[in-house]
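# Working through the structure, step by step
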Amino acid sequence: MDLTGKTAIVTGGASGIGRGISLVLAGQGAGIVVADLNPQGAEAVAAEVAEFGRESMSIALDVTDPSSIDAVTEAVVGRFGKIDILVNNAGVAGAAGWDERQQANIDDWDYTYQVNLRGVVLMAEAVAPSMMEQRGGKIINIASIAGRQGSPTITHYNASKAGVISLTQGLAARLAPHNINVNAICPGLLWTPLWERLAARNRSADDQLAGLTERQVFEKRVADSIPLGREQTPEDIGKLAAFLASEDAHNITGQAINVDGGLRMN
Ligand SMILES: NC(=O)c1ccc[n+]([C@@H]2O[C@H](COP(=O)([O-])OP(=O)(O)OC[C@H]3O[C@@H](n4cnc5c(N)ncnc54)[C@H](O)[C@@H]3O)[C@@H](O)[C@H]2O)c1
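For the structure given in this document, a descriptive report is provided here.

Scoring rules and cut-offs
Residues numbered from 1 in each chain as written. Predicted model: local features only at pLDDT ≥ 70, side-chain atom pairs only at ≥ 80, totals over all residues. Heavy atoms only, no water. Core = buried A, V, L, I, M, F, W, Y, C linked by side-chain atoms within 4.5 Å. Buried < 20%, exposed > 50% of the residue type's maximum accessible area, 1.4 Å probe, protein only. Helix = DSSP H or I, 4+ residues; strand = E, 2+ residues; numbered from the N terminus. Contact = heavy atoms within 4.5 Å. Phe/Tyr/Trp six-rings, centres within 6.5 Å; stacked < 30°, edge-to-face > 60°. Axes fitted to C-alpha atoms, helices over the stretch in contact; angles between N-to-C directions. Parallel < 35°, antiparallel > 145°, perpendicular 65-115°, else oblique. Expected span 1.5 Å × (residues − 1). Arc of directions from axis to C-beta. Salt bridge = Lys/Arg side-chain N within 4 Å of Asp/Glu carboxyl O. Near = heavy atom within 4 Å. Polar contact = N/O pair within 3.5 Å; in protein donor to acceptor, adjacent residues only side chain to side chain. Areas by Shrake-Rupley, 256 points an atom, 1.4 Å probe, with all protein chains shown as cover.

### Thoughts on the nonpolar core
Counting residues in each nonpolar core, the largest one holds 51 residues, and the members touching the most others are Ile-9, Val-76 and Ile-139. Listed by contribution, the elements that provide at least two residues to this core are strand 2 (31–36), strand 3 (56–60), helix 3 (66–80), helix 4 (106–133), helix 5 (155–175), strand 6 (180–187), helix 6 (193–204) and helix 7 (214–225). Per-element accounting of this core gives the leading share, 8 residues, to helix 4. Every residue in contact with Ile-139, bar those within four places of it in the chain, is listed here: Leu-86, Asn-88, Ala-124, Val-127, Met-131, Leu-175, Ile-180, Asn-181, Val-182 and Asn-183. The next biggest cluster of nonpolar side chains, apart from the first, holds 31 residues, and it includes Ala-26, Ala-46, Ile-85 and Ile-237.

Next comes the structure, spelled out in structure tokens:
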């Protein structure tokens, strides 16, 4: 999984899974652009990447804003001369205050679509010309096991992630003639700020969870639903991302791979 000399953009790289992916890719030799709505967080992760002795850069990015995406793409090409790897990781579970609602409202539907699905399309389209020019590239979309099966409580999120899986197939077919591989990773249950908020939301709707901390709610869900009986970590996701970004995976495209301890087997 040698990524020496490669340049990777990780969206949403300031937190949770994106941070883990950034550090694993850097560990394999890639230079990392940590691009996030939260520029301070991005800067902190870029500093961690630099500790590996890799090139790193942090930059503010809003994947819902085409002009922000163009500015990031231009800045990365200006600094590194190319983009080899794009990890579309930025994601949300709703609009502001989503965790205080048991049912998604129209703002949750719109904002989740804009970040989780439209943001992935816009980012992929923005980096594709640079990848086409060098006749190769790797795009890795972070979907979710939530995209494998609908649910009554986070229907909008399920639909957005199912959309990412479908989009991955379409993009893979379209970009294959340019030697660009496009794959998705479906993470299972990871203890990140996103899941912490989900745990609080789940607890307020379920008497059986009353009195548990957010972490205990998460651990119960892991124990109740994961055959291998353990949570997944950002490093687990980073390791698959590193493989998919490497030449070892050059014949894999259009796939969505679960990293979930067996929670979903399809
Ligand atoms: N945590 C889990 O169990 C889990 C499981 C499956 C999939 N996922 C997916 O993994 C990805 C990362 O999730 P996480 O759990 O690390 O969440 P997180 O909330 O810890 O991190 C998400 C990051 O995305 C950034 N972001 C949000 N909106 C953005 C925007 N418009 N533009 C740029 N950056 C933006 C945030 O600032 C944050 O740094 C998401 O796509 C999420 O849907 C998470």
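### Here's the deal with the packing of aromatic side chains
Going through the model one piece at a time under the given rule, you end up with 2 aromatic pairs. A centroid spacing of 5.3 Å and a plane angle of 45° characterise the contact between Trp-191 and Phe-218, whose relative ring orientation is tilted. Remark: Phe-218 occurs in helix 7 and Trp-191 occurs in the loop between strand 6 and helix 6; sequence separation between them is 27 residues. Residue class for Phe-218 comes out buried when judged on its relative accessible area of 0%.

### Let's talk about the packing of helix 6 against helix 7
Two numbers describe a pair of packed helices, the interaxial angle and the distance between the axes. Running from N to C, helix 6 and helix 7 cross one another at 85°; their axes reach a closest spacing of 8 Å. The pairing of helix 6 with helix 7 is recorded here as roughly perpendicular in orientation. Of the residues in helix 7, those touching helix 6 at Trp-195, Glu-196, Ala-199, Ala-200, Asn-202 and Arg-203 are Glu-214, Val-217, Phe-218 and Arg-221.

### Some thoughts on helix 6
The terminal C-alpha atoms of helix 6, which comprises 12 residues, lie 17 Å apart, in line with the 16 Å expected from a rise of 1.5 Å per residue. Of the residues making up helix 6, those classed as buried are Trp-195, Leu-198, Ala-199 and Arg-201. The arc that holds every buried residue of helix 6, seen down its axis, measures 165°, which confines them to one face. In this structure, the buried residues of helix 6 make contact with helix 7.

### Section: the pattern of salt bridges
Tallying each qualifying case throughout the model produces 11 salt bridges. For Asp-108, the salt bridge is made with Arg-101, and the minimal N-O distance between the two is 2.7 Å. The partner of Arg-215 in a salt bridge is Glu-219, and the shortest N-O contact between them spans 2.8 Å. Within this pair, Arg-215 and its partner Glu-219 are both found in helix 7, separated by 4 residues, close to a single helical turn. Among the ionic contacts, a cluster of salt bridges with common partners joins Arg-215, Glu-219 and Glu-231.

### Comments concerning the site of the ligand
In the region of the ligand, 29 residues are neighbours, and Ser-15, Asp-36, Asn-89, Tyr-157 and Thr-192 sit closest. Within the backbone of Ile-17, one N or O atom sits 2.8 Å away from an oxygen atom of the ligand. For the ligand, a nitrogen atom lies 3.3 Å from a polar atom in the backbone of Leu-61. Coverage of the ligand by the protein chains reaches 92% of its 830 Å² of free accessible surface. Those elements that place two or more of their residues in the shell around the ligand are helix 1 (16–27), helix 4, helix 5 and helix 6. Per element, the largest residue contribution to the shell around the ligand is 3 residues, and it comes from helix 6.

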